[in-house]
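Geometric and topological summary
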Amino acid sequence: ETGVTQSPTHLIKTRGQQVTLRCSSQSGHNTVSWYQQALGQGPQFIFQYYREEENGRGNFPPRFSGLQFPNYSSELNVNALELDDSALYLCASRARPGSSYEQYFGPGTRLTVT
Amino acid sequence: QKEVEQDPGPLSVPEGAIVSLNCTYSNSAFQYFMWYRQYSRKGPELLMYTYSSGNKEDGRFTAQVDKSSKYISLFIRDSQPSDSATYLCASSRTGNQFYFGTGTSLTVIP
């Protein structure tokens, strides 16, 4: 088991609503990345936070936003939910940007949008 | 064209077989290559990490990267039923934003 935790485990939302997902990074890790994994697909990079600043973003619209806190925990916020947002949302932490050999994923939050 | 292509399988092998999993990538600037294992309803678990070209071995697992052909491989020797999972390859230029394949579903039959 990695030291990365995510909450909640599952949730169900209605189209148009907003959702906040949370991630606690492994101890000593100051960099957090968020990924979206649709059913039967590989994870897709949403964005990365390093020391409370976004320092990389994938091809996702602005309604996907995030925060990183001084303790390096992180939130992913999604506004105006769409049916296609239904997926497993994964966060991954590492000691610093670019230290890819020690990127550890959490168990994910499964979001269902109805 | 997707950045990383991976045959989704499914792949089914008898216990003890050698398993070969493969991916191709399109961006010649990629230099970080990873293999993850993902069990059902779990997060991906890092298996192997390779920087640039070459081979890397860890126990029953061997990762190969051929940058001339943009080909990534993972070999599993003496496969076990516990190896049954989805295997994801991933590549990156900077070591930050990773591009994943769709995953190959592997079943090892006792």
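Residues numbered from 1 in each chain as written. Chains lettered and ligands numbered in written order. Predicted model: local features only at pLDDT ≥ 70, side-chain atom pairs only at ≥ 80, totals over all residues. Heavy atoms only, no water.

Time to look at the overall build of chain A. Each helix and strand counted, chain A has zero helices and 11 strands in total. Helices and strands in chain A line up, N terminus first, as β-β-β-β-β-β-β-β-β-β-β. Here the C-alpha atoms of chain A give a radius of gyration of 13 Å, agreeing with the 13 Å that 2.2 N^0.38 yields for 114 residues. Projected onto its principal axes, the C-alpha coordinates of chain A cover approximately 35 × 30 × 25 Å. Burial statistics for chain A: of 114 residues in total, 49% are counted as buried. In chain A, the share of contacts with a sequence separation of at least 24, taken over all contacts with a separation of at least 6, comes to 54%. Counting every atom, chain A has about 5,300 Å² of accessible surface; 47% of that belongs to carbon and sulfur. (Helix = DSSP H or I, 4+ residues; strand = E, 2+ residues; numbered from the N terminus. Rg over C-alpha atoms; globule rule 2.2 N^0.38 Å. Buried < 20%, exposed > 50% of the residue type's maximum accessible area, 1.4 Å probe, protein only. Contact = heavy atoms within 4.5 Å. Areas by Shrake-Rupley, 256 points an atom, 1.4 Å probe, with all protein chains shown as cover.)

A count of helical and extended segments in chain B gives zero helices and 11 strands. Beginning at the N terminus, the succession of helices and strands in chain B can be written as β-β-β-β-β-β-β-β-β-β-β. The C-alpha atoms of chain B give 13 Å as radius of gyration, which agrees with the globular expectation for 110 residues (13 Å, within 12%). Viewed in the frame of its principal axes, chain B has a C-alpha envelope of about 40 × 25 × 20 Å. Counting the 110 residues in chain B, one finds 45% classified as buried. Accessible surface, chain B as shown: approximately 5,100 Å² in total, 47% of it carbon and sulfur. Placing the 10 positive and 10 negative side-chain charges of chain B at their respective mean positions leaves the two points 7 Å apart. (Lys, Arg positive; Asp, Glu negative; His and termini not counted. Charge placed at Lys NZ, Arg CZ, Asp CG, Glu CD.)

The next subject is the sheet that holds strand E1 (residues 4–6) of chain B. The strands that make up a sheet pair up through hydrogen bonds in the backbone, lying either parallel or antiparallel. Residue and element names in this part refer to chain B. Pairing is antiparallel in the open sheet, where five strands are placed in the order E1-E3-E8-E7-E6. Here the strands that pair on one side only, and so sit at the sheet edges, are E1 and strand E6 (54–58). Adjacent strand axes in the sheet meet at a mean angle of 15 degrees when their direction is disregarded. Where strand E3 (residues 19–25) and strand E8 (residues 71–76) come together, six bridges link them in antiparallel fashion. Paired with Asn-22 across the bridge in E8 is Ser-73. (Pairing = 2+ DSSP bridges. Axes fitted to C-alpha atoms, helices over the stretch in contact; angles between N-to-C directions.)

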